[in-house]
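# Notes for the structure review
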Amino acid sequence: MVDVVLPSQESRPKHELLGIVDQYDDTSVEEHLDFLGDPYLRRYARADGPNLVVSNSEEDNNLQSINHRQSMDPVVAGMVQKLQEAVLVSLKRPTAIDLDTVYDLYQSLPEPRVSHISARLRHRLLAVLGNVERKDSKSMLRYFSVVTDVKNSGFPLTIYEWNTAMSFASRYVGRSTEIEVEAALHLWREMERDAGVKALDVTFNILFDVASKAGKMTLAEMIYQEMMNRGLPFNRYHHVSLIHYFGLKQDSGGVRAAYKEMVQAGEVIDSTVLNCVISGFLNSGEEESAERVYEKMKESVRGSTMPPTLNYTLKRNMTKVLMMFARVGKKHPDLQPSFQQAALIYPDLQTYRLLINHYGPKLGDLAKVVQFLDEMKFYNVPLHGAIFLALFKGFGKHGGPGSDWTAQRLGKVWDAFLDALDAGTEGLYINSWMAMAVLRAFSKYSSRDQLLDIYGQLKSRWNLDQASSQFMVDFLSKLLEQRGFHIRS
C-alpha cells in the first residue's frame, strides 16, 4: 500500500493568498456591479428597474403525513421494505446500487405511491435521487417524477428538496439558456408564494449561478441585490459564483475584487477557487495573469507527493468541510490560518481542462497544449474524456495542411483515446459530442473510406440510444457532403 503524502504547506496568511493574483484595482465588488449595471458602461445613467419582488404569502406547512399504524397490504409492505433497503444502501454507499434500480422499486408501488411510504423514507428517497454526479435530462426527470407525486399527494417539500429541484432544472444541460432560467425562477416563485418556504442562501446561489451562466447579467445582479436586501450571509458558493460572474462579464478587475473579498471574508482558498480565478482571467483575455495563478498552484506542491484524485462523493464532503472551517474560522479567527493550511492547492483535472480548452480549440497554440499535457502527466493527473474532447476539437478547428495540428499527431491522440477507452478509464466514454469532435477532426485529413472506418470504430464502442444514433448517421452524411465525398445509397 502506497502512503500518500499531502502537500506540506506553511500556514498561509491572507497577504500570501492575495499574492497569488498579480495585482488589484482599488475597487470593491459593489463598485464593479454598479458599473456593469450601467446601461452605457460609462455611468451616464442607471437602469430604472425592473425591480425584483418576492411574494410573502404564508401557507400552512404542517400538512398530513402517513399514518404508521394503518394496515397495509402484505405485498405492498414487501415492496416498501425493498425500497427502504435500497435507499439505505444508496445513502451509505452511493455507488453500491444504481439509481435506476431505486427508482424502479419506487415506480413498482401502486398509485398513489407516496401515500404508501413514511415521511422519513420519502425525504431519504429524494435525497438519494438528488445525489448524482452529473445532472442530465434522465436524472432530472427521475427526480421531478417523485417531486410531482409528493406535491400531488399534498405532502410538503423541504427547503433542501426545493433547492435540489431548482438545481436540476437549471443544470441538467451542459449550457444554461433562458429556458433553464425560467424553470428555476418558476420553482422559486412556487416555493415562496405557494408553498410558503422562504429561500435560503443556497437558493440564491443556484439562481445567481444559472442567470449568470445563461448571460442574464441584469437578472443576476437583481438576484444578488435581493439576497443583500434579505441580509443573507455570503458563503463559499456565493463568493465562487461571484468570481465566475465577473469572468463571464470579462471583467478581470471584478474577478480580482471578488477573490480579494473572499480572502478577506475568511473563506478557505483551495484549487476550486483558484480554478475559477484562472477561468475568469482566461475569459477576460489575460493569459499572463491566469498562468501566474497556475504557477503559484504548482509551487504549492513542489517537493511533495500529489494527493489522490478525489471522486464525486469525496469532493462534496471536502466542500462541506471547507465551509465548516470558514464558519468556525469567522467565530475564532485565531484558528483560520490552520484551516487554510489544511486546504489543498494544486493543479487538478479542472485546471488542465481550462488551460487546454483555452490554448487548444480557442487559440490553436499546440506548443502550450503539449506543455500542459506533459505537466499533467508529471503531476499524476489522470486522463479524462474532457481532455480528449478538447484535443479533438483543436484538431477539428486548427488542423489541415501547413498546420502544427498534423494528421500524424491526430493519429497518436486517437490511438491513446482508444487505449484509454478500452482500458475502462474513469470519466471516458463516447457520447454524441465526443463522436462529432472526432469525426470533424479526421475530416480535415481523411479520405471517405478512412472517415467511415473511424465512424465504425466509434459506433462499435458507443452506447447511444436510438435517437442519438440516428443523429450521428445524419451528422456523418452532412459531413461527407461538406467534404465533397460521394454518399452511396
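So, how was this worked out
Residues numbered from 1 in each chain as written. Predicted model: local features only at pLDDT ≥ 70, side-chain atom pairs only at ≥ 80, totals over all residues. Heavy atoms only, no water. Helix = DSSP H or I, 4+ residues; strand = E, 2+ residues; numbered from the N terminus. Contact = heavy atoms within 4.5 Å. Areas by Shrake-Rupley, 256 points an atom, 1.4 Å probe, with all protein chains shown as cover. 1 Å grid on protein atoms, 1.4 Å probe; cavity = no way out; pocket = protein on both sides within 12 Å on 5 of 7 lines; lining within 4 Å. Points joined across faces, edges and corners; volume = space filled by probe spheres on them. Nonpolar A, V, L, I, M, F, W, Y, C, P; charged D, E, K, R; others polar. Expected span 1.5 Å × (residues − 1). Buried < 20%, exposed > 50% of the residue type's maximum accessible area, 1.4 Å probe, protein only. Axes fitted to C-alpha atoms, helices over the stretch in contact; angles between N-to-C directions. Parallel < 35°, antiparallel > 145°, perpendicular 65-115°, else oblique. Left-handed = near helix turned anticlockwise from the far one by under 90°. Patch = residues over 30% accessible without salt bridge, like charges linked within 9 Å, V, L, I, M, F, W, Y side chains within 5 Å. Salt bridge = Lys/Arg side-chain N within 4 Å of Asp/Glu carboxyl O. Lys, Arg positive; Asp, Glu negative; His and termini not counted. Charge placed at Lys NZ, Arg CZ, Asp CG, Glu CD. Core = buried A, V, L, I, M, F, W, Y, C linked by side-chain atoms within 4.5 Å. Phe/Tyr/Trp six-rings, centres within 6.5 Å; stacked < 30°, edge-to-face > 60°. pLDDT = per-residue confidence, 0-100.

### Details of the overall build of the protein chain
The helix and strand inventory of the protein chain stands at 23 helices and 0 strands. At a minimum sequence separation of 6, the contacts of the protein chain that also span at least 24 residues come to 71%. Accessible surface, the protein chain as shown: approximately 25400 Å² in total, 51% of it carbon and sulfur.

### A word on empty space enclosed by the protein
Under the definition given, this model contains 1 cavity of 30 Å³ or more. Every residue along the wall of the largest cavity is listed here: Phe-204, Asn-205, Phe-208, Ile-223, Tyr-224, Met-227, Phe-234, His-238, Ser-241 and Leu-242. Counting residues per element, the ones that place at least two in the lining of the largest cavity are helix H9 (201–213), helix H10 (217–229) and helix H11 (236–248). Classifying every residue of the lining of the largest cavity by side-chain character gives 7 nonpolar, 3 polar and no charged.

### Observations concerning the environment of Val-293
Relative to the helices and strands, Val-293 is located in helix H14 (residues 287–299). Residue contacts for Val-293: discarding those within four places in its chain leaves Ile-20, Val-21, Leu-274, Val-277, Ile-278 and Phe-281.

### Side note on helix H13 (residues 271–283)
The first and last C-alpha atoms of H13 sit 18 Å apart over 13 residues, in line with the 18 Å expected at 1.5 Å per residue. For H13, a buried count of 10 out of 13 residues is recorded, marking the element as mostly surrounded by other parts of the structure. Along H13, the positions that sit buried rather than exposed are Ser-271, Val-273, Leu-274, Asn-275, Cys-276, Val-277, Ile-278, Gly-280, Phe-281 and Leu-282. For H13, the elements touching its buried residues are H11, helix H12 (252–264), H14 and helix H17 (349–362). Looking one or two residues beyond H13, the residue adopting positive phi is Gly-285, at roughly 80°.

### Some details on the packing of helix H8 (residues 178–194) against H9
One can describe the packing of H8 onto H9 by two numbers: an axis separation of 9 Å at closest approach and a directional angle of 160°. One element, H8, and the other, H9, form an angle in the roughly antiparallel class. Regarding H8 and H9, the two cross each other, and that crossing is left-handed. On H9, the residues that touch Glu-180, Val-181, Ala-184, Leu-185, Trp-188 and Met-191 of H8 are Thr-203, Phe-204, Leu-207, Val-210 and Ala-211. Looking at side-chain class alone, the contact of H8 with H9 contains 9 nonpolar, 1 polar and 1 charged residues.

### Observations regarding a negative patch on the surface
On the surface, Asp-25, Asp-26, Glu-30 and Glu-31 cluster together into a patch of negative charge. Take Asp-26: it is sitting in the loop between helix H1 (14–18) and helix H2 (29–37). Owing to a relative accessible area of 78%, Asp-26 belongs among the exposed residues under this scheme.

### A few points about the nonpolar core
If you look at the biggest cluster of nonpolar residues, it comprises 135 residues, and the most contacted ones within it are Tyr-259, Phe-392 and Phe-417. Element by element, the count of residues in this core is highest for helix H21 (residues 432–443), at 8 residues. The residues contacting Phe-417, other than those within four sequence positions of it, are Phe-388, Phe-392, Leu-428, Ile-430 and Met-434.

### Focus on unusual backbone geometry
Of the consecutive residues Glu-111 and Pro-112, the connecting peptide bond is found in the cis state with omega at -10°. The residue Pro-112 is located in the loop between helix H4 (99–107) and helix H5 (119–130) in this model. The backbone of Gln-250 sits at a positive phi, close to 60°, despite the residue not being glycine. Here Gln-250 falls in the exposed class, since its relative accessible area comes to 54%. Here the phi dihedral of Asn-380 falls at roughly 60°; this positive angle occurs in a residue that is not glycine. Tracing the chain through its elements places Asn-380 in the loop between helix H18 (366–378) and helix H19 (385–398).

### Some points on the packing of aromatic side chains
What the rule picks out here adds up to 17 aromatic pairs. Both rings, one in Phe-208 and one in Tyr-245, keep their centres 5.4 Å apart while their planes meet at 50°; by these two values the pair is tilted. One end of the pair, Phe-208, is in helix H9; the other, Tyr-245, is in helix H11, with 37 residues separating them in the sequence. Owing to a relative accessible area of 0%, Tyr-245 belongs among the buried residues under this scheme. Pairing Trp-414 with Phe-417 gives two aromatic rings, centres 5.8 Å apart and planes at 25°, and the pair type is stacked.

### Quick look at the pattern of salt bridges
Should their charged atoms come close, side chains of opposite charge can pair. A complete count under the given rule lists 15 salt bridges for this structure. A salt bridge links Glu-286 to Arg-256; its shortest N-O distance comes to 2.8 Å. Here Arg-256 lies in helix H12 and Glu-286 lies in the loop between H13 and H14, a separation of 30 residues in the sequence. Glu-291 serves as the salt-bridge partner of Lys-368, at 2.8 Å between the closest nitrogen and oxygen. Within this pair, whereas Lys-368 is found in helix H18, its partner Glu-291 is found in helix H14, the two being separated by 77 residues in sequence. As far as burial versus exposure is concerned, Lys-368 and Glu-291 are alike and both buried. Because the salt bridges share partners, they merge into one network encompassing Asp-100, Lys-138 and Arg-142.

### Section: the confidence of the model for the protein chain
Counting all residues, the mean pLDDT for the protein chain is 81, and 80% of those residues have values of 70 or more. For residues 1–9, every residue scores under 50 in pLDDT, and the model assigns this stretch 19 contacts once sequence neighbours within four places are set aside. Under a pLDDT of 50 for its full length, residues 46–65 has, in the predicted model, 37 contacts with residues more than four places off or in other chains.

### Some thoughts on H12
With 13 residues, H12 should reach 18 Å at 1.5 Å per residue; the first-to-last C-alpha distance of 18 Å fits that figure. Of all the 13 residues making up H12, 10 are buried; the element is thus mostly covered by neighbouring parts of the structure. Taken residue by residue, H12 has Ser-252, Gly-253, Gly-254, Val-255, Arg-256, Ala-257, Ala-258, Tyr-259, Met-262 and Val-263 as its buried positions. Where H12 terminates, the next one or two residues include Gly-266, which has phi positive at roughly 85°.

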